[in-house]
Amino acid sequence: MFGEYNAIEKKILSGERLGREDGVRLFNSGALTWLGALADHVRREKCGELVYYNVNCHVNLTNMCVSRCKFCAFGRDADARGAYAMTIEQAIATVEDAMRDPNMSGLHVVSGLHPTWAFEDYLSIVRALHDRFPTLYIKGFTGVELTHFAKISGRSLEEILIELKAAGLQAIAGGGAEILTDRVRNELCPKKATADEWLNAARVAHRLGIKSNASMLYGHIETIEERVEHLIRLRELQDETHGFQTFICFPFLPKNTALEREIKQTSMWDDLRTMAVSRLMLDNFDHIKAYWVMLTVPVAQVALSFGANDIDGTVHKETILHDAGATSPTALTEDEIINVIREAGRVPAACDCNYKVLRLL
Ligand code: SF4
């Protein structure tokens, strides 16, 4: 047993790639502080002491969604209580409110799969936001949304992405990956993009020079082997395209979802081991994000010592995860983020959606 772990540690310290069985063993090791020390070592060697963050605003254009994934507390039917769909004016007003922060630098735009909107409806909002706020970067739309746009418009992913890019989109969001296995997706979200479709949307974006993020939603029905399978599928695509910028671990929040009665929220222990193993398995990803909205601020801060070098952003006003019972604040000020990073002994770096450093503090 110890010999196996010694061998894995040697591989990590010599920069050798970990295999599938190594990943499963790391998840099952039980040695949390050892995992954290290894992930922290790799993070330091690869990325140094900077911790990246955005001063950003989330814009969720609609919560109406035809997919109705079992793990989601945000999407709802068009006639359900609380269902909404923003007009262009409402989207602009949301951002105008966020622009009271003089350092506001970008938008994160993700939404439900609206039952009647055409691709042009999403496209025209992106264009309007870009025209009205030309200095803000726009990161938006997941592989799930892009696949949906291609299906409802009858156009190719290339055409969809070229039009979005021309309208002002600069990077693709990382959500919707969940767990990239058919078993999990058939059980939890059979109506949306398959694992192959999600990966292909990223592949096409990367080929067009548009960077994207990747994520993993864990802590529901997946096995440890499926978590490792997910990480390996992302690593393989990254070998092929080098187009992923960051990987984000999303712990499943069960409140107000169809799984609320069956599944408990993950522990901090699981959150930290998943962060560390992700850093160790994803040897070709530069950035690993501790998304404070889902992890909570204290856990995200500790995660900075478990392989993370990014703590997301100010967010302005998060709604998707607060519908699922997130107990974190709906926004942080830039000063609060800076303090969290500095207290962890690291250097805050405000950046845009493509990791260009805007301010070093
Ligand atoms: S996760 Fe996305 S696609 Fe699934 S129901 Fe929620 S908003 Fe819709």
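Here we summarise the structure given alongside this text. Source: prediction; values computed, not measured.

This paragraph deals with the packing of helix H6 (residues 143-153) against helix H7 (residues 157-167). Their axes nearest at 9 Å, the elements H6 and H7 cross at an angle of 110°. Considering their axes alone, H6 and H7 lie roughly perpendicular with respect to each other. Relative to H7, the crossing made by H6 is right-handed. Contact residues: Leu-146, Thr-147, Phe-149, Ala-150 and Ser-153 in H6; Leu-157, Ile-160, Leu-161 and Leu-164 in H7. Taken together, the residues of the contact of H6 with H7 sort by class into 7 nonpolar, 2 polar and no charged.

Regions of empty space are outlined by a rolling probe, equal in size to a water molecule, passed over the atoms. Reported here for the largest pocket is a volume of approximately 820 Å³. Taken together, 44 residues make up the lining of the largest pocket; nearest its centre are Val-110, Gly-175, Gly-176, Glu-178 and Ile-320. Those elements that place two or more of their residues in the lining of the largest pocket are H6, strand E6 (211-218) and strand E7 (244-251). With 3 residues, E7 is the single largest residue contributor to the lining of the largest pocket. Residue composition of the lining of the largest pocket, grouped by class: 22 nonpolar, 14 polar and 8 charged. One number sums up the size of the second largest pocket: a volume of about 170 Å³.

To continue, consider the site of the ligand. Residues in contact with the ligand, as listed here, are Cys-65, Ser-67, Arg-68, Cys-69, Phe-71, Cys-72, Gly-112 and Lys-192. Of the residues that constitute the shell around the ligand, the class distribution is 4 nonpolar, 2 polar and 2 charged.

Here we take up helix H9 (residues 195-207). The end-to-end C-alpha separation of H9 is 18 Å, in line with the 18 Å expected for 13 residues at 1.5 Å each. Taken residue by residue, H9 has Ala-195, Trp-198, Leu-199, Ala-201, Ala-202, Val-204, Ala-205 and His-206 as its buried positions. Just past H9, the residue Gly-209 takes up positive phi, approximately 85°.

This part is about H6. In terms of burial, H6 is largely enclosed, as 8 of its 11 residues are buried. Taken as a whole, H6 has its buried residues at Gly-143, Val-144, Glu-145, Leu-146, Thr-147, His-148, Phe-149 and Ala-150. Those residues of H6 that are buried lie in contact with helix H5 (119-132), H7, strand E5 (171-172), helix H8 (182-188) and H9. Positive phi shows up at Gly-154, right after H6, with a value of about 70°.

It is worth spelling out the pattern of salt bridges at this point. Tallied over the full model, the rule gives 26 salt bridges. Between Arg-25 and Glu-4 there is a salt bridge, and its shortest N-O distance comes to 3.2 Å. Within this pair, whereas Arg-25 is found in helix H2 (residues 20-28), its partner Glu-4 is found in helix H1 (residues 2-13), the two being separated by 21 residues in sequence. Residue Arg-25 is classed as partly exposed on the basis of its relative accessible area, which comes to 26%. Here Arg-17 ties to Asp-239 by a salt bridge, and the two come within 2.8 Å at their closest N and O atoms. Of this pair, Arg-17 sits in the loop between H1 and H2 while Asp-239 sits in helix H10 (residues 224-241), and the two are 222 residues apart along the sequence. Asp-239 gets classed as partly exposed once you look at its relative accessible area, which sits at 37%. Because the salt bridges share partners, they merge into one network encompassing Asp-40, Arg-43, Arg-44, Glu-49 and Arg-346.

Cut-offs and rules
Residues numbered from 1 in each chain as written. Predicted model: local features only at pLDDT ≥ 70, side-chain atom pairs only at ≥ 80, totals over all residues. Heavy atoms only, no water. Axes fitted to C-alpha atoms, helices over the stretch in contact; angles between N-to-C directions. Helix = DSSP H or I, 4+ residues; strand = E, 2+ residues; numbered from the N terminus. Parallel < 35°, antiparallel > 145°, perpendicular 65-115°, else oblique. Left-handed = near helix turned anticlockwise from the far one by under 90°. Contact = heavy atoms within 4.5 Å. Nonpolar A, V, L, I, M, F, W, Y, C, P; charged D, E, K, R; others polar. 1 Å grid on protein atoms, 1.4 Å probe; cavity = no way out; pocket = protein on both sides within 12 Å on 5 of 7 lines; lining within 4 Å. Points joined across faces, edges and corners; volume = space filled by probe spheres on them. Near = heavy atom within 4 Å. Expected span 1.5 Å × (residues − 1). Buried < 20%, exposed > 50% of the residue type's maximum accessible area, 1.4 Å probe, protein only. Salt bridge = Lys/Arg side-chain N within 4 Å of Asp/Glu carboxyl O.

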